[in-house]
Amino acid sequence: MAMDDKTRTELEAAVFRRLVEHLRGRTDVQNIDLMNLAGFCRNCLSNWLKEAADEKGVALSKDDSREAVYGMPYETWKATYQTDATPEKQAALKKSHAGH
């Protein structure tokens with residue numbers, strides 16, 4: 001399927017927004033679960049957003065990029081939704097993502 005760059009960018013942006021909205025609704029899914037299953041998490045998305053902004057010369061702080069993904073300040077999300085990771089989840093993360 002051929003499509004122009006503008007349309008492709010618009011579709012990709014819509015998919016990103018839908019993914020972020022989905023993750024905002026799934027506060028039961030912890031970042032460590034995402035990392036262990038998919039190899040990325042909400043923090044990764046916020047880091048990628050910041051990196052893209054930096055590449056375009058757009059001022060976006062780490063806190064602002066996290067708030068764009070989490071829908072609230074990161075510290076608020078952590079205090080409200082983050083649970084302690086089990087030793088098994090921590091071991092799985094260490095094994096599969098050494099150095100992350």
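Residues numbered from 1 in each chain as written. Predicted model: local features only at pLDDT ≥ 70, side-chain atom pairs only at ≥ 80, totals over all residues. Heavy atoms only, no water.

Novice: Describe the overall build of the protein, listing the residues and the values that go with them.
Specialist: Each helix and strand in the protein was counted, giving six helices and zero strands. Traced from its N-terminal end to its C-terminal end, the protein shows the element sequence α-α-α-α-α-α. In the protein, which comprises 100 residues, the share counted as buried stands at 24%. Of the contacts formed within the protein by residues at least 6 apart in sequence, a portion of 50% connects residues at least 24 apart. Carbon and sulfur atoms make up 55% of the accessible area of the protein, which amounts to about 7200 Å² in all. For the protein, the centre of its 15 positive side-chain charges and the centre of its 16 negative side-chain charges are spaced 3 Å apart. (Helix = DSSP H or I, 4+ residues; strand = E, 2+ residues; numbered from the N terminus. Buried < 20%, exposed > 50% of the residue type's maximum accessible area, 1.4 Å probe, protein only. Contact = heavy atoms within 4.5 Å. Areas by Shrake-Rupley, 256 points an atom, 1.4 Å probe, with all protein chains shown as cover. Lys, Arg positive; Asp, Glu negative; His and termini not counted. Charge placed at Lys NZ, Arg CZ, Asp CG, Glu CD.)

Novice: Tell me about the UniProt feature "domain: SMc04008-like" (unreviewed entry) in the protein, residues and numbers included.
Specialist: Within this structure's numbering, the places UniProt gives as "domain: SMc04008-like" (unreviewed entry) are residues 29-94. In residues 29-94, helix accounts for 73% and strand for 0%; the two terminal C-alpha atoms are 19 Å from one another. (UniProt positions renumbered as here; feature names shortened; annotations may be inferred.)

Novice: Help me get a handle on the packing of aromatic side chains, residues and values and all.
Specialist: Applying the stated criterion across every chain yields a total of four aromatic pairs. Measuring from ring centre to ring centre gives 5.7 Å for tryptophan 77 and tyrosine 81, while their planes differ by 50 degrees; the resulting arrangement is tilted. Of this pair, tryptophan 77 and tyrosine 81 both sit in helix 5 (residues 74-81), separated by four residues, roughly a single helical turn. A relative accessible area of 29% means that tyrosine 81 is categorised as partly exposed. (Phe/Tyr/Trp six-rings, centres within 6.5 Å; stacked < 30°, edge-to-face > 60°.)

Novice: For the pattern of salt bridges, give the residues involved together with the corresponding values.
Specialist: Summed over the entire model, instances satisfying the criterion amount to eight salt bridges. Aspartate 54 is the salt-bridge partner of lysine 50, the closest N and O atoms lying 3.0 Å from each other. Of this pair, lysine 50 and aspartate 54 both sit in helix 3 (residues 42-56), separated by four residues, roughly a single helical turn. Linked by salt bridges that have partners in common, Asp5, Arg8 and Glu12 make up one network. (Salt bridge = Lys/Arg side-chain N within 4 Å of Asp/Glu carboxyl O.)

Novice: Can you explain the environment of asparagine 43? Please cite residues and give values.
Specialist: Residue placement: asparagine 43 occurs in helix 3. Asparagine 43 sits 22 residues away from serine 65 along the chain, and the two C-alpha atoms are 9.0 Å apart. Residues within four places of asparagine 43 in sequence aside, it is in contact with Asn31, Arg66, Tyr70 and Tyr74. Separated by 2.7 Å, the side chains of asparagine 43 and tyrosine 70 make a polar contact. (Polar contact = N/O pair within 3.5 Å; in protein donor to acceptor, adjacent residues only side chain to side chain.)

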